[in-house]
Amino acid sequence: MAYVQGQTGEWEMVIGLEVHAQVTSNAKLFSGAATEFGAAPNAQVSLVDAAFPGMLPVINGKCVEQAVRTGLGLQAEINLVSVFDRKNYFYADLPPGYQISQYKNPIVGKGEIVLDLADGTSRTIGITRLHLEQDAGKSMHDQSPNETYVDLNRAGVALMEIVSEPDMRSGEEAGAYLKKLRAIMRYLGTCDGNMEEGSMRCDVNLSMRRKGDTKLGTRCEIKNVNSIRFVQQAIEFESHRQVELLEGGNVVKQETRLWDTTKGETRAMRSKEEAHDYRYFPDPDLLPLKLDQKWVNDIKMTLPELPDQKKDRFIRDYGLKSYDAMVLVAERASADFFEAVAKGRDGKLAANWVTGEFFGALNKLGKTVNDSPVSAQALGELVDLISNQTISNRIAKDVFEAMLETGKGAAALVEEKGLRQVTDLGSIEKSIDEILTAHADKVAEYKSGKDKLFGFFVGQVMKTTGGKANPAVLNELLKKKLNS
Amino acid sequence: MSIDQTTVVKIAHLARLKIPTEEQKQVAGELNKILEWITQLDEVDVTAVEPMSSVNDVPLRWRDDIVTDGDKMADIMTNAPAKTADFFTVPKVVE
């Protein structure tokens, strides 16, 4: 738990997050128009989405199923009866003048998410609810000096609004929450979690209280922050702003604020914009949404292994450290890649390679596991060569570099470059003798007590053998010779 | 519950309706009459009835997740008061 240091003492952050996650589906929540990102403006709009008179909404069963799947993945209660309400407000990108949402009776109730934190500990964050609602259209304010452009392609696309309890206490926890929620939804296939394309957006609720206090302070809501990094930056800024206000004897005004990415600050929205009175009421065009318990159970049967379960299995079956397992399960693609490398091999060694050299290389190349230049099979072959002592771990790093550059297989490269590890006692012994003869002075120093020179001799032998001497054999022989 | 002139102004603003000052009192009176009429429902004892949002006891019809609509920009834009290329345009909404 991280506290904010003020002038008069330490302050605790209280953070709750509202996430809008776009449901993965072909068609919209209440119309048959497509949801695909990047289409020509207004090409994916039905008369329902544009709110033409007399058009009626008909619910897309797949969106209901996706919401239930997500709820089950969050260990949450599924409400067998839920109701759609109209949330009334006027905005240029909302043609009907209301958003169909769920207010009093959401489809999913209380659940939880377990966060894995960097220090190896975990924390459980409560989920208050998840409900289904429609997205609005998209307004573009930067296309013309005096007009706003409106594209309704996004209008009517299904969203899941996922509300957390005010359980988080730091920006790190907020970041971990978003990553975990995104991972769960990606595993479930219910939301692609792509924050750049806006398919996952976040509102941050933050208040401050003195360390030790149990009463909540007045909160501010920071709207529509569209990356995990920005969420953490906004929390950092806003927490200090509130502490300064409170320590200066002022009060925090409950208000909606915006995160300004260029200035790196939060600022209040104009009060007119937030003067909302949504006048919710049940949508007369839609009957209550009733689910069959058996249908819910059937969906539960189809859930994949989720990140937490996978992490436990990796620790149990492959002997991984908790941290490595956590890194590997963060993305399903990484976890699958690791398993393909580890299958039938030394799990720990495989994990070291995947999380170390392999992820490092992907980072440097700006690639993902899915378009990696080295396949799981190819990396597995390299791990085999280390396991059967054909090459040392150090040489393997060079081989891996060459694999990235040439796309050739590990075994072929080892043969081609003559990198096969020398385990032959005679030839290592010969190299040692040469080095010891050439550095007789250092040998004398070593014998008079300068133990540290041992590393020098190892280095010299490795140099003459091109790093190919088996380190264990070399150490043993060298020790024998020097102490004789 | 009784509706006064202030409430009329507020509701009118939320509904983006322009009601001239001299008509506001009259509208308040009309709305109160409607409310009074609805208040008759209070005479019914509903303690044993579960809250409901619909009286139709039929299941909500579900649709398959198939794209069946779209690609009708011309229809969508027919009534647009202003447009540029394929966008609707409105007076600038500043954030």
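Basis of the calculations
Residues numbered from 1 in each chain as written. Chains lettered and ligands numbered in written order. Predicted model: local features only at pLDDT ≥ 70, side-chain atom pairs only at ≥ 80, totals over all residues. Heavy atoms only, no water. Helix = DSSP H or I, 4+ residues; strand = E, 2+ residues; numbered from the N terminus. Rg over C-alpha atoms; globule rule 2.2 N^0.38 Å. Buried < 20%, exposed > 50% of the residue type's maximum accessible area, 1.4 Å probe, protein only. Contact = heavy atoms within 4.5 Å. Areas by Shrake-Rupley, 256 points an atom, 1.4 Å probe, with all protein chains shown as cover. Domains from an automatic or database assignment. Buried area = accessible area lost by both parts, 1.4 Å probe. Salt bridge = Lys/Arg side-chain N within 4 Å of Asp/Glu carboxyl O. Polar contact = N/O pair within 3.5 Å; in protein donor to acceptor, adjacent residues only side chain to side chain. Nonpolar A, V, L, I, M, F, W, Y, C, P; charged D, E, K, R; others polar. Patch = residues over 30% accessible without salt bridge, like charges linked within 9 Å, V, L, I, M, F, W, Y side chains within 5 Å. Pairing = 2+ DSSP bridges. Core = buried A, V, L, I, M, F, W, Y, C linked by side-chain atoms within 4.5 Å. Lys, Arg positive; Asp, Glu negative; His and termini not counted. Axes fitted to C-alpha atoms, helices over the stretch in contact; angles between N-to-C directions. Parallel < 35°, antiparallel > 145°, perpendicular 65-115°, else oblique. Left-handed = near helix turned anticlockwise from the far one by under 90°.

Student: It is not clear to me how the overall build of chain A should be interpreted in this structure. Could you clarify?
Tutor: The number of helices and strands found in chain A is 16 helices and 17 strands. Computed over its C-alpha atoms, the radius of gyration of chain A comes to 30 Å, more than 25% above the 23 Å expected for a compact globule of 484 residues. Its C-alpha atoms give chain A principal-axis dimensions of roughly 95 × 55 × 50 Å. For chain A, the proportion of its 484 residues judged to be buried stands at 52%. Long-range pairs, those at least 24 residues apart, make up 68% of the contacts in chain A with a sequence separation of at least 6. Surface summary for chain A: the accessible area is close to 22400 Å², and the carbon and sulfur share equals 49%.

Student: Can you help me understand the domain arrangement of chain A in this one?
Tutor: A common way to state how big an interface is: give the accessible area lost once the parts meet. All names here are of chain A. Segmentation of chain A into domains returns domain 1 (3-299), domain 2 (305-417) and domain 3 (425-483). Look at where the C-alpha atoms of domain 2 and domain 3 centre, and you get two points 33 Å apart. Each side of the interface is counted separately: domain 2 has four residues, and domain 3 has five residues. Taking both sides of the interface into account, the surface hidden between domain 2 and domain 3 amounts to around 260 Å²; carbon and sulfur atoms contribute 48%. When the area that domain 2 buries against domain 3 is broken down by residue, the three leading residues are Q389, S392 and I395, summing to 81%. Along the contact surface separating domain 2 from domain 3 lie zero salt bridges. The interface formed by domain 2 and domain 3 includes zero residue pairs in polar contact (both at pLDDT 80 or more). Tallied by class, residues from the side of domain 2 that touches domain 3 come to one nonpolar, two polar and one charged.

Student: Explain the pattern of salt bridges to me, please; I cannot follow it from the model alone.
Tutor: Opposite charge on two side chains lets them pair, provided their charged atoms get close. Residue and element names in this part refer to chain A. Under the defined criterion, the tally for this structure stands at 36 salt bridges over all chains. R169 is paired through a salt bridge with E12; the nearest N and O atoms lie 3.5 Å apart. Placement of R169 in the loop between β11 (158-164) and α2 (171-188) and of E12 in strand β2 (residues 10-22) is noted, with a sequence separation of 157 residues between them. For the pair R169 and E12, a shared accessibility class is recorded, and that class is buried. Residues D135 and R154 are paired through a salt bridge, measuring 3.3 Å at the closest nitrogen-oxygen approach. Taken together, the residues D135 in the loop between β8 (122-134) and β9 (138-140) and R154 in the loop between β10 (147-151) and β11 connect sequence positions 19 residues apart. Classification of D135 by relative accessible area gives buried; the value is 6%. Among the charged side chains, a network of salt bridges with common partners joins E238, R241, K253, E255 and R257.

Student: Please explain a nonpolar patch on the surface as it appears in this structure.
Tutor: Together, I34, W37, I38, L41, V44, V46, V49, M52 and V55 of chain B line one region of the surface with nonpolar side chains, adding up to about 970 Å² of accessible area. Within the secondary structure, M52 of chain B sits in the loop between α2 (21-39) and β1 (62-63).

Student: In this structure, what is going on with the sheet that holds β9 of chain A? I would like to understand it.
Tutor: Judged by pairing direction, the sheet is antiparallel, and its four strands sit side by side in the order β9(A)-β10(A)-β3(B)-β2(B) without closing on themselves. Strand pairing shows two members of the sheet lacking a second neighbour, β9 of chain A together with β2 (83-84) of chain B, which therefore form its edges. Note: β10 of chain A against strand β3 (residues 87-91) of chain B, four bridges, orientation antiparallel. Bridging across to β3 of chain B, Y149 of chain A finds its partner in T89 of chain B.

Student: Would you mind going over the nonpolar core with me for this structure?
Tutor: As a rule of thumb, nonpolar side chains are buried together in soluble globular proteins. Residue and element names in this part refer to chain A. With 108 residues, the main nonpolar core has I107, I162, Y177, F338, L379, L382 and V399 as its most contacted residues. Two domains share this core, each providing at least three of its residues, namely domain 1 (3-299) and domain 2 (305-417). Excluding its chain neighbours within four sequence positions, the residues that come into contact with V399 are L382, I391, A410, L413, V414 and L419.

Student: How should I be thinking about the interface of chain A and chain B in this particular structure?
Tutor: With 52 residues of chain A at the interface, the matching set in chain B holds 40 residues. Of the roughly 4000 Å² buried at the junction of chain A and chain B (both faces included), carbon and sulfur atoms supply 60%. D277 of chain A is paired through a salt bridge with K10 of chain B; the nearest N and O atoms lie 3.1 Å apart. Of all the elements in the fold, those that place two or more residues in the side of chain A that touches chain B are β3 (59-60), α1 (61-73), β10 and β17 (289-290) of chain A. Take the side of chain A that touches chain B: its biggest share by element is five residues, from β10 of chain A. Residues that form the side of chain A that touches chain B fall into these classes: 31 nonpolar, 12 polar and nine charged.

Student: Just to check I follow, could you spell out unusual backbone geometry for this structure?
Tutor: Even without a glycine there, the phi angle at R279 of chain A is positive, about 45°. On the accessibility criterion, R279 of chain A (33% relative accessible area) is partly exposed. In the Ramachandran plot, R16 of chain B falls in the positive-phi region, its phi being about 55° despite a non-glycine side chain. Mapped onto the elements of the fold, R16 of chain B is located in the loop between α1 (5-14) and α2.

Student: How should the side chain of S46 of chain A be read in this particular structure?
Tutor: Turning to its location among the elements, S46 of chain A is positioned in the loop between β2 and β3. The exposure class of S46 of chain A is buried, given its relative accessible area of 0%. A distance of 3.1 Å separates a polar side-chain atom of S46 of chain A from the backbone nitrogen of V48 of chain A. In this structure, S46 of chain A is in contact with S31 and A33 of chain A together with D69 and I76 of chain B, ignoring residues within four places of it in sequence.

Student: Help me out: how do you make sense of the side chain of E133 of chain A in this one?
Tutor: All names here are of chain A. Among the secondary structure elements, E133 is positioned in strand β8. Buried and unpaired, E133 has no salt bridge, with K87 as the nearest side chain of opposite charge at 5.6 Å. Within the local environment of E133, its side chain forms a polar contact with the side chain of Q99, the two groups lying 3.4 Å apart.

Student: Explain the packing of helix α9 (residues 347-365) of chain A against helix α10 (residues 376-387) of chain A here, please?
Tutor: All names here are of chain A. Packing of α9 against α10 brings their axes to within 10 Å, and their N-to-C directions diverge by 125°. Here α10 runs oblique to α9, going by the angle between their axes. In the crossing of α9 with α10, the sense of the turn from one axis to the other is right-handed. Every residue of α10 that contacts α9 at L349, W353, V354 and F358 is listed here: L379, L382, V383, I386 and S387. Residues of the contact of α9 with α10, tallied by class, amount to eight nonpolar, one polar and no charged.

Student: Quick question: what am I supposed to make of the packing of helix α8 (residues 332-342) of chain A against α9 of chain A here?
Tutor: The relative placement of two packed helices is expressed as an angle between their axes plus a distance between the axes. All names here are of chain A. Contact geometry of α8 with α9 gives a least axis separation of 9 Å together with a crossing angle of 130°. Between α8 and α9, the angle is such that the two are oblique. For the element pair α8 and α9, the recorded crossing hand is right-handed. Contact residues: S334, F337, F338, V341 and A342 in α8; G347, A350, A351, V354, F358 and F359 in α9. Looking at the contact of α8 with α9, its residues break down into nine nonpolar, two polar and no charged.

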